[in-house]
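Spelled out, the chains give:
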Amino acid sequence: MWDDRGTVILRASPVGLALLLMRCPPPTTPPYHDPREDVPWTHPPTDRPPSDRRLRVYVSESIGGTGLPCKLSVRGVGGTPDPSWGQDDQRGVWIDPDNRALAIGHWVLMARGRAEFMLTPGRYRFSVTRGPEYAPLSLGEVDTTNGEGVVRTGELRRVVHTEGEIAGEFHVHSAPSGDSDVPLDERVLSLAAEGIEVFASTDHDVAEDFMPAVRSLGLERHLHWIRGDEITADGMGHFNVFPLPVEIDPTTRLRHTEPTVAEIVASARGVAPSSIIQLNHPMWRQHPIGYWLVAGFDPATGMSRMDLATMFDTVEVWNGHTLDETEGVGLPVSAVIDAWMTTLQIGRGATATGNSDSHRLSHTPPGWPRTMVRVARDVPAEVTDAMVIAGLRAGDALVTSGPFVQATIDGRRAGELVRARNGAATLTVEVQSITEAPIERVTVTVNRTEVGTFEVTARPEEGVLRQRWEVPLRFTRDAWVVVRTRARETLGDIAGTHARPMDSLALTNPIYVDVDGDGRWTAPGVGNGP
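Computed from a predicted model, the values in this text were never measured in an experiment.

A. Up close: the sheet that holds strand 6 (residues 101-104). One open sheet accounts for six strands, arranged 5-6-7-4-9-11; its pairing is antiparallel. This sheet does not close on itself; its edge strands, each paired only once, are strand 5 (93-96) and strand 11 (137-143). Geometrically, the sheet is characterised by an average inter-axis angle of 25° between neighbouring strands, direction not taken into account. Examined bridge by bridge, strand 9 (residues 123-129) and strand 11 share six bridges and lie antiparallel to one another. Across the sheet, R125 pairs through a bridge with E141, a residue of strand 11. Contacts between helix 1 (residues 184-193) and the sheet are confined to strand 4 (70-77), strand 5, strand 6, strand 7 (107-110) and strand 9, with strand 7 contributing the most and set at about 90° to the helix.

As structure tokens, this is what we get:
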């Protein structure tokens, strides 16, 4: 962490308690600005081309016309190479500090939806994105060979309707972690540019203050920060704790070396009883840090040497970082989901989440995948930690890399209990997705048995696909119901760069069905279907 004099304090992992002080400039560049300067613009300051060969880009939201954080993709065409900004994908270049515009790879992350910069002579294609709720915006081709300035303007349209839901990232790293060099302000901007609205900082065994970075970029209206920590117990697993009260120093107050995971978690609950405790990458083989594998969990039988999910509030069923590790380090997302379904079957399930576990910027960027959480106020400036935690505890959350799914039974949502009279109920499924996040079919799973697969027949209109199904279900015992989207086509440039393609996928959390009418839910047990 950095003090106000620019001293870097490096704490080793709890295995060794070495402390190193090193004098260097604080990592937050550009300098912090007066938040009073951050009045959003409602029209381009000027549409007159610059007198030199600079490029000006202005992007606003279609409703209201104000500038907003977003990501500009700059790709070379006709033999022109892509630009390659930044250092090792962990530090970008502030190409327009006044407008808080950061360049990394072939992207420009814009805090205000505007940037002014220069490119080497050539031809380029410009496009703008802001996560999977907005239709990508094409700004066409730009030719910089004639030495003249160029202005490009456009409006981003929010075409996926997510009223009542907020886009969350609950596993992400930055410079305080020993394995990431991303400065705090660059991490904050990378989140906002991807349309993330709430994030928990989960650096390894340290909790830095991100609010100065949020304020310096003028992003208070767009991004809510939750203080958190990732308990790093190599050989057993990694576990996030959030929100973490400001008076709690995770380096000294959270245990990492107790004999069992149950004792580590119990210690964390004693320190932060109101916090979410999330099981991260449960089937990661390396080090090892996948708790389910360490526990010898058998998804076929539900048998294990250790406690599984009852001690956790959430479990990360999809970790985007695994796509950039050696193949086989983490099991495919489908295998982790299947294992999670077994925990539901034995009544020891936790709310499923999806997170990037991002340690860099353009490679494995934050928000891919993400967790949509039902909250009382779905506005970043108004949502509270308590609202987000309540949604996660209730199980009203969606794991997604793009498709948006709503599933209800008699109006009951994920995490809720519904009565199935005479062993029957009707499931309503609604999907929305931008064309860059394809959906080919939707599957319905009841008690670990796929009971229906439905092909998507709708065609996208104005950049978004929408379709609805009414699915009759029959039950013989208490049950859980989960909906998943599938597609053979993977995500492209919109999701950043990964070593292997990212699936276009969404997964709901379970709706619980009371079939015997006793007013409660009884786990069906392994081997028992609908």
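B. Here's a closer look at the pattern of salt bridges. Inspection of the entire model under this criterion finds 24 salt bridges. With a shortest N-O distance of 3.4 Å, E197 and R158 are connected by a salt bridge. Highlighted residues: E197 in the loop between helix 1 and strand 14 (198-201) and R158 in strand 12 (residues 150-158), separated in sequence by 39 residues. Residue R158 is classed as partly exposed on the basis of its relative accessible area of 34%. Between E430 and R468 there is a salt bridge; the shortest N-O distance is 3.5 Å.

C. Spotlight on the nonpolar core. One finds V317, W340, L427 and F475 to be the most contacted residues of the largest nonpolar core, which totals 110 residues. Ranked by the residues each element gives to this core, the list is headed by helix 6 (residues 333-345), at seven residues. Here F475 is in contact with A420, G423, A425, V446, V481, V513, V515 and P530, once residues within four sequence places are set aside. Listed in part, the 24 residues of the second largest apolar core include C70, A103, L119 and L137.

D. Local environment of the pairing of strand 14. The alternating pattern of strand 14 places V198 and A200 on one face and F199 and S201 on the opposite face, and all of these are buried. Here two bridges tie strand 13 (residues 165-169) to strand 14, and the two strands are oriented parallel to one another. Across the sheet, the residue bridging to G168 is V198, located in strand 14. In the classification by handedness, the crossover that spans strand 14, the intervening helix 2 (residues 211-216) and the parallel strand 15 (residues 224-227) is right-handed.

E. Here's a closer look at the confidence of the model for the protein chain. Of all residues in the protein chain, 89% have pLDDT values of 70 or greater, and the mean over the chain is 89. Across residues 1-38, where pLDDT falls below 50, the model places 67 contacts with residues more than four positions away in sequence or in other chains.

Quick notes on the rules
- Residues numbered from 1 in each chain as written.
- Predicted model: local features only at pLDDT ≥ 70, side-chain atom pairs only at ≥ 80, totals over all residues.
- Heavy atoms only, no water.
- Pairing = 2+ DSSP bridges.
- Helix = DSSP H or I, 4+ residues; strand = E, 2+ residues; numbered from the N terminus.
- Axes fitted to C-alpha atoms, helices over the stretch in contact; angles between N-to-C directions.
- Contact = heavy atoms within 4.5 Å.
- Salt bridge = Lys/Arg side-chain N within 4 Å of Asp/Glu carboxyl O.
- Buried < 20%, exposed > 50% of the residue type's maximum accessible area, 1.4 Å probe, protein only.
- Core = buried A, V, L, I, M, F, W, Y, C linked by side-chain atoms within 4.5 Å.
- Right-handed = clockwise from strand over helix to strand, strands pointing away.
- pLDDT = per-residue confidence, 0-100.

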